[in-house]
Amino acid sequence: MATSNDVVRYKFFGSCGILAEISNDGATAQRRKPQTEFNNAVLIGNEPLVDGVLFQVRIDKKVTSWTGSILIGVTTTAPERFKFPTTLSALVEGCWILSGTSVLKDGKQSIIEYTPINIETLDEGNLVGVMRRGVALHFYVNGQDLGVAEKKLPAAGKVYPIIDLYGRCAKVTIPQPSQATANSSMTSSLEQLCFHSRAGTNVEVKDNGMRAQRKAASGEFNNAIVMSNRSLKDNELFEIQLKGMVERWAGSVEIGLTTHSPTTITFPSSLTNLASGAWLVSGSSVVHNRDVVQENIGTSLDQLQVGDYVGIMRNSNSTMTLYVNGREVGVACTDIPPAVYGIVDLYGRCVEVAMVNRTQNNRNEEVLGTRGIAGGMSRSGNQKAASNYSTTYNETGSVQGRSGNQEAVQVSESIRTDAVRTGNPQAKSENQRSGNPDGTRATLGPSLKFHSWCGVNVELSADMGVAKRRQHDKLLAGAAVFTHQPLLQGVWFEVVVSKHAEFWNGSLRMGVCGTPPETVTFLPTTEVIHIDQSWVLCGHVLYHHGNPLVPNYPLDLDDICEGSTVGIMVTSDGELHYALNGRDLGCAERGIPTGVYGMVDIYGQCVQVVIAQQHIVGDLTIGPSVVGDHVTFIPTTQMAPNIPIRGPIHPKCGTNIELAMDGSMASRVRSYKDGVVFSAHPLAMGEMFKIEIIKLADNWKGFLRIGLTSCAPDSFSMIPSLSTLLPKHTWIVNGSTVTENGTILTETYGAALCRLQIRDTVGIQLQSDFTMHVFLNGEDLGIATTITAISQRLFAVVDVYGPIAAVKVIEAQKSTYITHQAPPKSLEPAVKDDEEVTFATTHSENIRLENGGRCAFRFKSYSRGLVVTSVPIPNGQLFQVEVMEVKPTWSGTLSIGVTTLPSAQVISVSKAQLLPGQSFVVAATGEKSTTFYIGGQETDHLPADINLLNLKVGDTVGLLRHISGALHFFLNGVDMVKLPCTVPEGVYGVVDLYGQCVKVSLKPWHDEVSPGVKPSLQGPFTVQAAPFAVQATPFIPQATQATPFTTQAAPISLPAPADRRPLSLPGPTALPKVLGVPWELPLEICNYQNTCNKLVCESLLLPEAFFATKGERSQCLCKDCCSRGAVVSPVRYAGVPKMKYTLPFGWVEYKLELPPRAKSLGAEGQWYVAYHGTAVGNVRSILDCGGLLLPGDRRLRGDEVKRPDGHYTEDYKPPNFDVNRIFMTPSAKYCGLGEVYTKPCRHTISGKEYSAKVMFQVLIEPGTFQISAQTVDPKNANIDEHFDNSELEWSTKSHVSIILHHMYVKLERQATQ
């Protein structure tokens, strides 16, 4: 395929749309006034498409003011006769357009789902193109062929490329690649390849672009990306040499290609975070736009040392090839577009590189003559290239000159650090074992590799360092490999199991053989244990000549997993030793002759192995001899080397994890996966391992994964992905799905885990009845699974995956939470009720404590008056202070809050509302305003009737944390408001004596509320007692029977295990709102609403997490409620520009919790409102999925979404209309019409029969749906008086353009049969 522009130089034609502007000699175009105008910027190419030559543009600028984006296509009209429309979608003749994911032909959709890539979502720097291939038309994104869009272009006619700078797309450029031919060499006429002067913030380009050096070598490990000064020719090698390294960090140089220009790119912190137009090699993995597309390319860039070379090349066949020390490692990627730039990240240990510019022959002579493959030692020959012009760096980052002495180079390269890429650059090498005080391993001789003579089912990598069994899903055996030379005595030969499959029995077999490999006859059925002069460990049995020799060696190779390292060594006195993950398990047999070859059988579950670096015996800890003795298997947790554990998270973690805060915080620094972390120690029975979400990455999908595993982190040399742990006694909660050893147990557990937000807390606990429980914001979600027949200790495991970018451990101790299965008889508070609480002796400098620490007095100034309670506030107990003295000469007043911070950190701020972290503060912010702060950020304003500036002597102010984590604000003993937050356990009370408030007295823990309590104090787990009151049998823990949450009308009732905490619907309190339109509802809930509430709470058992946490959850739109609220017209307007919809009179509304993207997209203010009807039985699956599905999609429970019956008839159906769409309507009346959309279902409530209907109100993005006539009841001339029948039906193929907003329920009484 020709993909360069050697044949024709494409440009934009001189004429264009009235708002388009062409520059850069016809290569660049932009839309004028992009913030105020969204169309009239159509462009056309100056030449027709040449067969096999790609026309593409790069998106240079996007704006956020509009929806929609770039459109691309072709037209049969010549530029001179082309009449420019306002937008390409308006063309109706001789054109093919790619719009979003669909292809339009002559203005009509010809392919609805042409590509999964929506070109409207492409970011700046991405490429979109079009190519003619004979009579076929293909579209491209970033060089990737999206397939045939049209099979019958005019055979003899010409087609011209056309572009529409529509909506968000404001500027594009036609990239101009090198004009050299594919097989030409670099000539002096072409600009010399060097580094561009524009680079990352932490790198300096020197020597006219020939060298790049990271500025803070030991202080910072990233932000050091450099690029080539021009795009690369086909078959031109972009090559660098490593000139400087430090040993402080993990990871090393990363190299690749990108479509981004060095003049316009926004440099990320690390190269693997480049989200578009990027193909690169990181470690041993190949990454494309953040996604790992190949896990092991055959070598690891992390093992390169000073003097090594690494290069990348885009070949004329559109592939990318990696070169290490002049040797081709292999093809890393395919479908690389033309006009790409070389890009390098001086990451981790790599701190300085130099550009290499040589001809092909010269490069082969110099590089191959002096260097081996990555990680090899210096060979004989010219050492000047390896030693000249190189530097090393000490731990402080200063540069030390290196001599050109040939001996110095050899010595330095004979000492290697076998660094494991942990993703935590601050972690030292985990191989600092005995033998060398600096933790390095001394390598002996040239690196081992596999012999080319091997089993019939073996595939070897180019460097002979990787071996895998071909067709491993079909072939079990026939994959034995040998070392290419005999093993040296006292030198370990190790392999890493890099791929594993669970559908076979048996696994890796390993041993030694005295027979040269080339003399062995390999057949598909050859058993390595029967090879002459062989000693092979198979499972835990050592075989010699096919006979069992040692029946119970303390290593069972059938139990190893992916990431394990297995080693073998023959000592100088002829002893055969095995090792697992760096631990010598002792002598297996004596009398082994010299000159034996290492032998590995890639058998059964073992699919692929990689040779690890060989090292001397002194590097490993020697275990006891077991020859002739029966030895019980030693758990791997006891065999692993000791790693310092300083925090609640184990230092062994996923490759993309960076630990901080003394091992209590884990951040994923790249990609979306490889973020597995473990608890530092196995969990005791009843011990809680709780994390807090502290950072999200909205550009990824998926859920947090949390669970328990018997896999000890120390048993891995490198932490594998979570899927590798699943079959190994592992129980995981992934969103709402629970799995045991990879098998799905349920898909409807804890749906709220699918919607985690910052500050949410998630905990995992194994309780005394061997049930695993997950806690969300302090609330037990019930039994996830029962763990039986497990004797191993279990570690907590968390996968910081997808949108979850960082977590912090906030609890790793035994829990006192109430559980469903074994509720405690009592919950003892931290301080007894009759014991007076005091302020801590650590307080601000202007405070003096009095009355035994129960009073705080600000004796000077107006600020610096912070005090903290000496003990945490018990759950359900009221933290309350009384104002003892005020001074009106000051402005401002008291603030009150709770925090997890220690008192020393609290008093370091000047005001309580500035407290960071888990701090929740109520403070006066104006004459009539009281504001709630979380972590120092203003969150919400309290109701107008709460004004702390009105406090006088004798008034009391308090906060109460409910056991569910809810925080209530009290004024003079009355619960005024539930604050919008979830507070962790163990918080301390904070008071800021500011301004007028001079002195306060701390009241004893208070567990009773004055008679003036508001209706909102009814328990959060109950439905209001009314004529249709819920008759549930409550469970009331002894310690909570006297709390403010226990009222005569409705005591607290904890949900049953299967309920997953159903929705709580207390009666209305303040003025409710529907879509911003307020009206007054009666103070008492109406009977109809209460009956609908019982359907939602008791029959549907919908979890509380689906529904909004702020404002009223349930609003009634029945005739009586609306008439009392003076609601007359149902017509409302929404979206930009405005479009009308109607309110569903006669229904009860339930406000749903909006996803985070709704706020970022401004959906509530700018998107349109419509309704989608469904059957009652589908409600839970829709809420679990978080949105609507298309016909043919599968729900979480596995069944397929079907098109509703009665939607169309043979007599009434639009011609050529695709019915597999999501249908909506702006008319609530039309949505509830008949039984097509809202199918009725009979329910018995309080002994009476009702017909129930349900529909959803949705927000839909403008420009993503079609409007058509009604499809139900076609003979009705006027279905809804507020709409014409031609505008009743809205439909779309886009999932992401719809957000669930409200749920509506309607009940009709049925006659008793």
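Calculation criteria
Residues numbered from 1 in each chain as written. Predicted model: local features only at pLDDT ≥ 70, side-chain atom pairs only at ≥ 80, totals over all residues. Heavy atoms only, no water. Helix = DSSP H or I, 4+ residues; strand = E, 2+ residues; numbered from the N terminus. Buried < 20%, exposed > 50% of the residue type's maximum accessible area, 1.4 Å probe, protein only. Contact = heavy atoms within 4.5 Å. Areas by Shrake-Rupley, 256 points an atom, 1.4 Å probe, with all protein chains shown as cover. Phe/Tyr/Trp six-rings, centres within 6.5 Å; stacked < 30°, edge-to-face > 60°. Lys NZ or Arg CZ within 6 Å of the ring centre and 35° of its normal. Pairing = 2+ DSSP bridges. Polar contact = N/O pair within 3.5 Å; in protein donor to acceptor, adjacent residues only side chain to side chain. Salt bridge = Lys/Arg side-chain N within 4 Å of Asp/Glu carboxyl O. Axes fitted to C-alpha atoms, helices over the stretch in contact; angles between N-to-C directions. Expected span 1.5 Å × (residues − 1). pLDDT = per-residue confidence, 0-100.

Peer 1: Would you mind showing me how to read the overall build of the chain here?
Peer 2: The secondary structure content of the chain amounts to 12 helices and 83 strands. Within the chain, buried positions represent 58% of all 1313 residues. Intrachain contacts of the chain at a sequence separation of at least 6 include 71% that bridge at least 24 residues. A total of about 52,000 Å² of accessible surface is found on the chain, and carbon and sulfur atoms cover 50% of it.

Peer 1: For this particular structure, what's the right way to read the packing of aromatic side chains?
Peer 2: Two aromatic rings are characterised by how far apart their centres lie and by the angle between their planes. Overall, the coordinates contain 13 aromatic pairs when judged by the stated rule. Note on Tyr 114 and Phe 139: the rings are 6.1 Å apart at their centroids and 80° apart in plane angle, and the pair reads as edge-to-face. One end of the pair, Tyr 114, is in the loop between β8 (108-111) and β9 (127-133); the other, Phe 139, is in strand β10 (residues 136-141), with 25 residues separating them in the sequence. Assigned by exposure class, Tyr 114 and Phe 139 land together as buried. With 4.6 Å between their ring centres and 25° between their planes, Phe 1265 and Trp 1290 make a pair best called stacked. Note that Phe 1265 is positioned in the loop between β80 (1248-1260) and β81 (1266-1268) and Trp 1290 in strand β82 (residues 1289-1292), a separation of 25 residues in sequence. The same class applies to Phe 1265 and to Trp 1290, which are both buried. Taken together, Phe 38, Trp 66 and Tyr 166 form an aromatic cluster joined through their ring pairs. The ring of Tyr 801 carries Arg 705 above its face, with NZ or CZ at 3.7 Å from the centroid. Over the ring of Tyr 1250 we find Arg 1309, and its NZ or CZ is 6.0 Å from the ring centre.

Peer 1: Hey, could you run me through the pairing of strand β17 (residues 236-245) in this one?
Peer 2: Within a regular strand, the side chains alternate between the two sheet faces. Burial analysis of β17 places 10 of its 10 residues in the buried class, the great majority of the element. Of the pairings in the sheet, the one linking β17 to strand β22 (residues 309-314) comprises six bridges and is antiparallel in character. In the strand pairing of β22, Glu 239 is matched with Gly 311. Examined bridge by bridge, β17 and strand β26 (residues 350-356) share six bridges and lie antiparallel to one another. Considered in β26, the bridge of Gly 244 is made with Glu 352.

Peer 1: Help me understand the side chain of Thr 899 in this model?
Peer 2: With respect to the helices and strands, the residue Thr 899 is situated in strand β62 (residues 895-899). At 3.5 Å, the side chain of Thr 899 and the backbone oxygen of Gln 918 are in polar contact.

Peer 1: What's the story with the pattern of salt bridges in this structure? I'm lost.
Peer 2: Oppositely charged side chains can pair when the atoms bearing their charge come close. Taken as a whole and judged by the stated rule, the model has 21 salt bridges. The salt bridge partner of Glu 850 is Lys 999, with a shortest N-O separation of 3.0 Å. In this pair, Glu 850 is assigned in strand β58 (residues 847-850) and Lys 999 in strand β70 (residues 997-1002), connecting sequence segments 149 residues apart. Put simply, Lys 1229 and Glu 1281 hold a salt bridge, and the shortest N to O gap is 3.7 Å. Of this pair, Lys 1229 sits in helix α12 (residues 1228-1231) while Glu 1281 sits in the loop between β81 and β82, and the two are 52 residues apart along the sequence. Beyond isolated ion pairs, a larger network of salt bridges with shared partners links Asp 207, Arg 211 and Glu 352.

Peer 1: Would you explain the sheet that holds β82 in this entry?
Peer 2: In any sheet, the strands associate via hydrogen bonds between backbone groups, in a parallel or an antiparallel arrangement. Read from one edge to the other, the open sheet built from three strands follows the order β78-β82-β81, with strand pairing classed as antiparallel. Only two strands of the sheet have a single neighbouring strand rather than two, namely β78 (1222-1224) and β81. Between one strand axis and the next, the sheet turns by 30° as a mean value, whatever way the strands run. Where β81 lies against β82, three bridges are found, and the strand directions are antiparallel. Each bridged residue has a counterpart across the sheet, and for Ser 1268 the counterpart in β82 is Glu 1289.

Peer 1: In this structure, what is going on with the pairing of strand β53 (residues 761-766)? I would like to understand it.
Peer 2: Across the six residues of β53, six count as buried, placing the element largely inside the fold. Residues Thr 761, Gly 763 and Gln 765 point to one face of β53 and Val 762, Ile 764 and Leu 766 to the other, with burial holding for every one of them. Bridge analysis of strand β48 (residues 687-696) against β53 gives five bridges, and the strand direction is antiparallel. Counted as the bridge partner of Phe 689 is Ile 764 from β53. Relative to strand β54 (residues 771-776), β53 is paired through five bridges, and the arrangement is antiparallel. The residue bridging Gly 763 from the neighbouring strand is Phe 775, located in β54.

Peer 1: What is the right way to read helix α7 (residues 1087-1099) from this model?
Peer 2: An α-helix turns once every 3.6 residues. As a result, residues three or four positions apart point the same way. End to end, α7 covers 17 Å across 13 residues, agreeing with the expected 18 Å (1.5 Å per residue, within 8%). For α7, the secondary structure elements touched by its buried residues are β73 (1114-1116), β76 (1148-1151), β79 (1241-1245), β80 and β83 (1298-1309).

Peer 1: What exactly am I supposed to notice about the sheet that holds β10 here?
Peer 2: The sheet built from seven strands is open, its strands ordered β1-β2-β13-β4-β9-β10-β11 with antiparallel pairing. With partners counted over all chains shown, the strands left at the sheet margins are β1 (20-23) and β11 (144-150), one partner each. Neighbour to neighbour, the strand axes of the sheet diverge by 25° on average, direction disregarded. Pairing of strand β4 (residues 55-62) with strand β13 (residues 169-173) involves four bridges; the strand directions are antiparallel. Within the sheet, the bridge partner assigned to Lys 62 lies in β13 and is Cys 169.

Peer 1: Just checking my understanding: could you explain unusual backbone geometry for this structure?
Peer 2: Across residues other than glycine, the phi torsion is negative in most instances, and most of the peptide bonds are trans. Pro 1137 follows Val 1136 through a cis peptide bond whose omega is -10°. For Pro 1137, the position within the fold is in the loop between β74 (1131-1134) and β75 (1139-1142). You will see that Ser 318, though not glycine, has its phi angle at about 70°, which is positive. The topology assignment puts Ser 318 in the loop between β22 and β23 (320-324). By relative accessible area, Ser 318 is classed as buried at 5%. A positive phi angle is found at Asp 335, which is not glycine, with a value near 55°. Mapped onto the elements of the fold, Asp 335 is located in the loop between β24 (327-333) and β25 (341-345).

Peer 1: Mind showing me how you'd approach the confidence of the model for the chain here?
Peer 2: Detailed reading of predicted coordinates is not advised where the pLDDT is low. Averaged over every residue, the pLDDT of the chain is 75; residues scoring 70 or more account for 76%. Low confidence marks residues 813-834, where pLDDT is under 50. Its contacts with residues over four positions away, or in another chain, come to 54 contacts. Under a pLDDT of 50 for its full length, residues 1007-1084 has, in the predicted model, 173 contacts with residues more than four places off or in other chains.

Peer 1: When you look at the environment of Ile 649 in this model, what are you seeing that I'm missing?
Peer 2: By the secondary structure assignment, Ile 649 is in the loop between α4 (636-639) and β45 (657-660). For Ile 649 and Ser 679, which are 30 residues apart along the polypeptide, the C-alpha to C-alpha distance reads 4.8 Å. Setting aside its immediate chain neighbours within four residues, Ile 649 contacts Leu 659, Gly 663, Ser 664, Met 665, Ala 666, Val 677, Phe 678, Ala 680 and Val 809.

Peer 1: Looking at this structure, I do not really get the side chain of Asn 273. What am I missing?
Peer 2: Structurally, the position occupied by Asn 273 is in the loop between β18 (254-258) and β19 (278-282). With relative accessibility at 18%, the residue Asn 273 sits in the buried group. In this structure the side chain of Asn 273 is engaged in a polar contact, spanning 3.1 Å, whose partner is the backbone oxygen of Val 669. Ignoring sequence-local partners within four residues, the contact set of Asn 273 consists of Pro 268, Arg 290, Val 669, Arg 670 and Ser 671.

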